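Notes for the structure review
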Amino acid sequence: MNYQETIQYLFNSTPVFEHVGAQAYKEGLSNTHLLDKHFNHPHTRFKTIHIAGTNGKGSCSHTLAAILQEEGYKVGLYTSPHLIDFRERIRINGKMIPKEYVINFVANERHFFEPLHPSFFELTTALAFKYFAEEQVDIAVIEVGLGGRLDCTNIITPILSIITNISLDHTQFLGNTLEKIAFEKAGIIKHNIPVIIGETVKETKDVFLQTAEKMEAPITFAQDKILFQPTPKHDKKGIHYHDTPFGDIIGELTGLYQQKNTNTLLYACLKLQQLGIHLNKENIIKGFANVTTNTSLMGRWQTICLSPLTICDTGHNIGGWKYLAEQIKNTHAKEKHIVFGMVDDKDLHTVLTLLPKDAHYYWTQPSTHRAFPVEKVASEALTLRLKGTTFHDVFTAYKAAKKAAQNTDFIFIGGSSYVVADLLKHLQPLPHPKNT
């Protein structure tokens, strides 16, 4: 099989959450342990940092990897989902896993894993850990796929655990209360391993405290003290954070929600230094300023065009849209044009209530079986007096918005990672420098 045939094999022969949702979710770690044993426990051969959370874990994972790369470490990065190419999930120093490695992994190991009927994520995690071990990375930043306690990344014993925040998402798997979701996320807290919690509310803080006490894990609540001056300023370079423990920092990622992530990451850098990971302040500053260059991160308040200003973002749940809606509202423009679609396990109605009333809407649906039909999105929006035009694919909707917009207007594309993925797949050149 060539690369495309190999990827199609992976998508078609294993349950893929991004494609079929709940059917792909496998509770328990039995397959993960069998795969891990087969490959001689590769995750034990490198240091790891484990990052969970409802929102922000992807941005935090990429930023932390960028910082460690600036320090000169060989850094593995495992994240999900991908937007354009499967190999985005598995990187070393920003460069994607080679196509040949993926092909050979499937060709050489399918006789073992096929009888197990693993999920796509179980198999992908085994592939990542094997690749990182063979390439002898110094440290790997591992993003949790779903939840934490039963996520197949949770076989690792990291040097540091990070939980960014908790909000209602994936409730069919993780529970329908903040406490239940926090319990699942807290499952990554390991015995005597420090953990940093980015944001909490009373219901979640008690869960984290109890779990940390049980595991004898030192716990830090980042929101208890903000490690930079309030009201950081934005400009074309990024967000300026003054008086951090490492001096003034410019964060390349400019989404409003990144301020919370930055505070969590500053605590993480301090803790890593205490754990003996060498990080000098110059490289920390460089890491924050060079996230997309170092890691090829896409889809986080990403600028597609300057005239008219065009932004896409993968925010896809209530927690993320509370920040996105505010940032869209505060964007200075003559008119706002919003290309919007969602997938069917999200709270469509509540997210729609957060959208501005005075924008021009281009309702659409991403190319996944899990998408809300565009007719449902438009119908639900109409009950909230949000009017727009329907389009059955994202790029057609984007082209219509671009045609209608003046140079002084603002265009936003989002509502789902899959909406952003469908957009980026059609844009050339692709905005990720290390996809080779």
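Bear in mind the structure is a predicted one, so any value in this text is a computation, not a measurement.

By the element assignment, Thr262 lies in helix α10 (residues 258–274). Only 3.2 Å separates the side chain of Thr262 from the side chain of Tyr241, close enough to count as a polar contact. Residues in contact with Thr262, not counting those within four places in the same chain, are Phe228, Tyr241 and Phe288.

Sequence positions flagged by UniProt for "domain: Mur ligase C-terminal" (unreviewed entry) are, in local numbering, residues 299–416. Annotated as residues 299–416, this span is 34% helix and 23% strand, and its ends, taken at the C-alpha atoms, are 10 Å apart.

Partitioning the protein chain into structural domains gives domain 1 (3–295) and domain 2 (302–427). Here the C-alpha centre of domain 2 lies 27 Å away from the C-alpha centre of domain 1. In this complex, domain 1 contributes 20 residues to the contact, which on the side of domain 2 involves 21 residues. Both sides together, the interface formed by domain 1 and domain 2 hides about 1,600 Å², and carbon and sulfur atoms give 54% of it. Interface area lost by domain 1 to domain 2 is led by Leu83, Leu256 and Tyr257, which between them contribute 37%. Put simply, domain 1 and domain 2 have 0 salt bridges between them. In this structure, the connection of domain 1 to domain 2 is made through 4 residue pairs in polar contact (both at pLDDT 80 or more). Among the elements that line the side of domain 1 that touches domain 2, the one with the most residues is helix α2 (residues 17–20), at 4 residues. When grouped by side-chain class, the residues that make up the side of domain 1 that touches domain 2 number 7 nonpolar, 9 polar and 4 charged.

Of all 6 residues in strand β1 (residues 47–52), 5 are buried, a share of seventy percent or more. Both β1 and strand β5 (residues 139–143) contribute to a ladder of 5 bridges, which runs parallel. Bridging from a neighbouring strand, His50 pairs with Ile142 of β5. Relative to strand β6 (residues 160–163), β1 runs parallel, the two sharing 4 bridges. Note that in β6 the partner of Ile51 across the bridge is Ile162.

Below, the discussion takes up the side chain of Thr164. For Thr164, the location among the structural elements is in the loop between β6 and α7 (171–174). On the basis of relative accessible area, Thr164 is assigned to the buried category, the value being 2%. When neighbours within four sequence positions are excluded, Thr164 is seen to be in contact with Ile51, Ala52, Gly53, Thr54, Asn55, Gly56, Lys57, Cys60, Gly198 and Glu199.

Take the sheet that holds strand β7 (residues 195–197) next. Taken together, 8 strands build an open sheet; the order of strands is β4-β3-β2-β5-β1-β6-β7-β8 and the sheet is mixed. Taken across any chain shown, the strands that pair with only one partner, and hence form the sheet edges, are β4 (95–96) and β8 (219–221). Relative to β5, strand β2 (residues 75–78) runs parallel, the two sharing 4 bridges. In the strand pairing of β5, Tyr78 is matched with Ile142. Across the sheet, α10 is in contact with β1, β6, β7 and β8; its angle to β6 comes to roughly 170°.

Quick notes on the rules
- Residues numbered from 1 in each chain as written.
- Predicted model: local features only at pLDDT ≥ 70, side-chain atom pairs only at ≥ 80, totals over all residues.
- Heavy atoms only, no water.
- Helix = DSSP H or I, 4+ residues; strand = E, 2+ residues; numbered from the N terminus.
- Polar contact = N/O pair within 3.5 Å; in protein donor to acceptor, adjacent residues only side chain to side chain.
- Contact = heavy atoms within 4.5 Å.
- UniProt positions renumbered as here; feature names shortened; annotations may be inferred.
- Domains from an automatic or database assignment.
- Buried area = accessible area lost by both parts, 1.4 Å probe.
- Salt bridge = Lys/Arg side-chain N within 4 Å of Asp/Glu carboxyl O.
- Nonpolar A, V, L, I, M, F, W, Y, C, P; charged D, E, K, R; others polar.
- Buried < 20%, exposed > 50% of the residue type's maximum accessible area, 1.4 Å probe, protein only.
- Pairing = 2+ DSSP bridges.
- Axes fitted to C-alpha atoms, helices over the stretch in contact; angles between N-to-C directions.

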